[in-house]
Amino acid sequence: MGNFDLLKVKGVSRRDFMKLIGATTAALGLPELFVPQAASAMEQAIKKPPVLWLEGMDCTGCTESTIATLNPSAAELVLDMISIRYHETIMAGSGNIAEEAYQDTLKDKFILVVEGATPAQEDRYCMVGGKPFRKTLIEAAKKAQAIIAIGSCASEGGGIPGACATGAVGVSEILKAEGISTPLINLPCCPVKPTTLIGTILYYLTYQKVPPLDSQNRPIAFYGTLLHDNCPRRGHFENGEFLTDWNDPAQKDYCLLLKGCKGPKTFTDCAQVWWNDNANFCINAGSPCSGCSEKSFYKQFTPLYTKQETFKLPGIGQVNADTVGTVIGGAAAIGLGVHLIATAASGRLTNQGHGHKEDL
Ligand code: SF4
Ligand code: SF4
């Protein structure tokens with residue numbers, strides 16, 4: 001955030017900012033002619049990429065996740081790295097000050113960050129500042145240099161709101177419907193991982209272009225590997241050891257497939273880059289992966305903690321969950337275990353190409 005933005009957040013408008021520059025130049029004994037130049041020089045010196053951060057149908061979880069970052073700290077992120085000109089949750093300004101900040105940013109070359117889903121058609125739902133969020137999003141999307149949709153709700157599929165009867169969708173669906181061609185980067189996960197957002201912004205600032213993306217517009221750098229291939233419980237999967245009883249200490253580290261784990265269908269770096277500065281991640285904490293980095297989340301992945309009746313596994317095809325569950329310790333387990341191990345040994349379970357994800 002630049003000096004002017006900081007002043008604005010404290011309730012100082014652009015007019016006041018110009019008065020301040022005028023007073024300063026006068027105090028220095030400089031002629032009035034110098035005021036615009038001084039203001040421009042000051043703004044250039046403090047120039048950081050302006051970010052317009054819109055929130056639609058969200059829980060503010062992605063904002064919480066981002067400002068919980070420790071390295072860089074929230075202060076370094078918000079004050080030193082980027083200039084967040086408008087953000088309904090963290091900006092101190094409100095009312096006309098907020099609206100003025102929004103309108104001013106539209107005139108600049110800005111990056112649009114979108115958090116939350118958008119009503120697909122109706123303009124009377126999700127009103128923000130007295131305006132339909134959908135209209136605001138379309139207006140800003142047309143003018144942005146690039147759009148970063150953060151979290152599952154803003155990404156393709158619409159996340160949890162998209163699974164309900166709200167008719168909510170992600171940014172990509174709105175862009176398609178409105179014929180807007182602004183480059184879009186989707187950073188799904190519920191919520192977005194701060195390292196993913198910061199890394200994407202840094203890439204964009206460094207190379208002035210969007211990073212290489214996959215078919216869901218996700219950066220391959222962060223979403224290019226299958227969670228199942230890097231999972232710390234993978235050895236148990238290959239041994240046919242599946243957790244069926246949460247209360248059995250002997251099973252505590254077993255594979256969570258029968259408890260609804262979507263790891264074999266989920267592309268994410270969650271197993272390599274843990275949350276909260278590498279403190280932990282879902283599977284290591286004992287929770288099955290809900291597949292929140294996929295566009296199928298949430299509607300096709302529920303109930304989250306119940307085994308799917310059947311599922312496909314790479315190299316194996318359709319598997320019946322009951323069969324997998326009952327084979328533990330039984331004669332059939334040997335057959336399945338051998339099959340899984342043989343499949344893994346043949347390399348069919350590992351290093352699945354990114355383009356194969358639809359087959360899982
Ligand atoms: S199914 Fe889930 S818990 Fe089991 S190995 Fe794969 S990602 Fe890990
Ligand atoms: S492990 Fe799965 S559910 Fe957990 S954050 Fe990663 S993709 Fe989402």
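Residues numbered from 1 in each chain as written. Chains lettered and ligands numbered in written order. Predicted model: local features only at pLDDT ≥ 70, side-chain atom pairs only at ≥ 80, totals over all residues. Heavy atoms only, no water.

Draft legend 1. Region of interest: the site of ligand 1. In the vicinity of ligand 1, the contacting residues are H228, C231, R233, R234, F237, C255, L256, L257, C261, G263, P264 and I283. Taking a 2 Å distance to the grid points as the criterion, the majority of the atoms of ligand 1 fall inside the largest cavity. Among the residues making up the shell around ligand 1, the classes are represented as eight nonpolar, two polar and two charged. (Near = heavy atom within 4 Å. 1 Å grid on protein atoms, 1.4 Å probe; cavity = no way out; pocket = protein on both sides within 12 Å on 5 of 7 lines; lining within 4 Å. Sits in = over half its atoms within 2 Å of the grid points. Nonpolar A, V, L, I, M, F, W, Y, C, P; charged D, E, K, R; others polar.)

Draft legend 2. Seen up close, the packing of aromatic side chains. Applying the stated criterion across every chain, the model contains five aromatic pairs. Consider the rings of Y203 and Y207, whose centres lie 4.6 Å apart with planes at 40°: the pair is tilted. Of the two residues, Y203 and Y207 both sit in helix α11 (residues 194–207), four residues apart, roughly one turn of that helix. For the pair F237 and F242, a centre-to-centre distance of 5.9 Å together with 85° between the ring planes defines the contact as edge-to-face. One exposure class covers both F237 and F242, and it is buried. (Phe/Tyr/Trp six-rings, centres within 6.5 Å; stacked < 30°, edge-to-face > 60°. Helix = DSSP H or I, 4+ residues; strand = E, 2+ residues; numbered from the N terminus. Buried < 20%, exposed > 50% of the residue type's maximum accessible area, 1.4 Å probe, protein only.)

Draft legend 3. Quick peek at the sheet that holds strand β1 (residues 50–55). With respect to topology, five strands assemble into an open sheet ordered β2-β1-β3-β7-β9, the strand pairing being parallel. Whereas interior strands pair on both sides, the edge strands pair on one side only; in this sheet they are β2 (83–87) and β9 (184–187). Ignoring which end each strand starts from, the neighbouring axes of this sheet average 20° apart. In terms of strand pairing, β1 meets strand β3 (residues 111–115) through five bridges, oriented parallel. Note that in β3 the partner of W53 across the bridge is V113. Against the sheet, helix α6 (residues 95–106) engages β1 and β2, with an angle of about 125° to β1. Sitting on the sheet, α11 touches β1, β3, β7 (146–150) and β9, and the angle it makes with β7 is about 170°. (Pairing = 2+ DSSP bridges. Axes fitted to C-alpha atoms, helices over the stretch in contact; angles between N-to-C directions. Contact = heavy atoms within 4.5 Å.)

Draft legend 4. Representation of the side chain of T182 within the structure. Locating T182 in the fold gives a position in the loop between α10 (171–178) and β9. For T182, the side chain forms a polar contact with the main-chain oxygen of A141, separated by 2.7 Å. Those residues in contact with T182 that sit more than four places away from it in its chain are A141, K142, A144, Q145, A146, I147 and L175. (Polar contact = N/O pair within 3.5 Å; in protein donor to acceptor, adjacent residues only side chain to side chain.)

Draft legend 5. Region of interest: the pattern of salt bridges. Tallying each qualifying case throughout the model produces 11 salt bridges. A salt bridge links D229 to R234, with the nearest nitrogen and oxygen atoms 3.1 Å apart. Of the residues examined, R234 reaches a relative accessible area of 7% and is grouped as buried. It is possible to trace a salt-bridge network through shared partners that takes in D214, R218 and E294. (Salt bridge = Lys/Arg side-chain N within 4 Å of Asp/Glu carboxyl O.)

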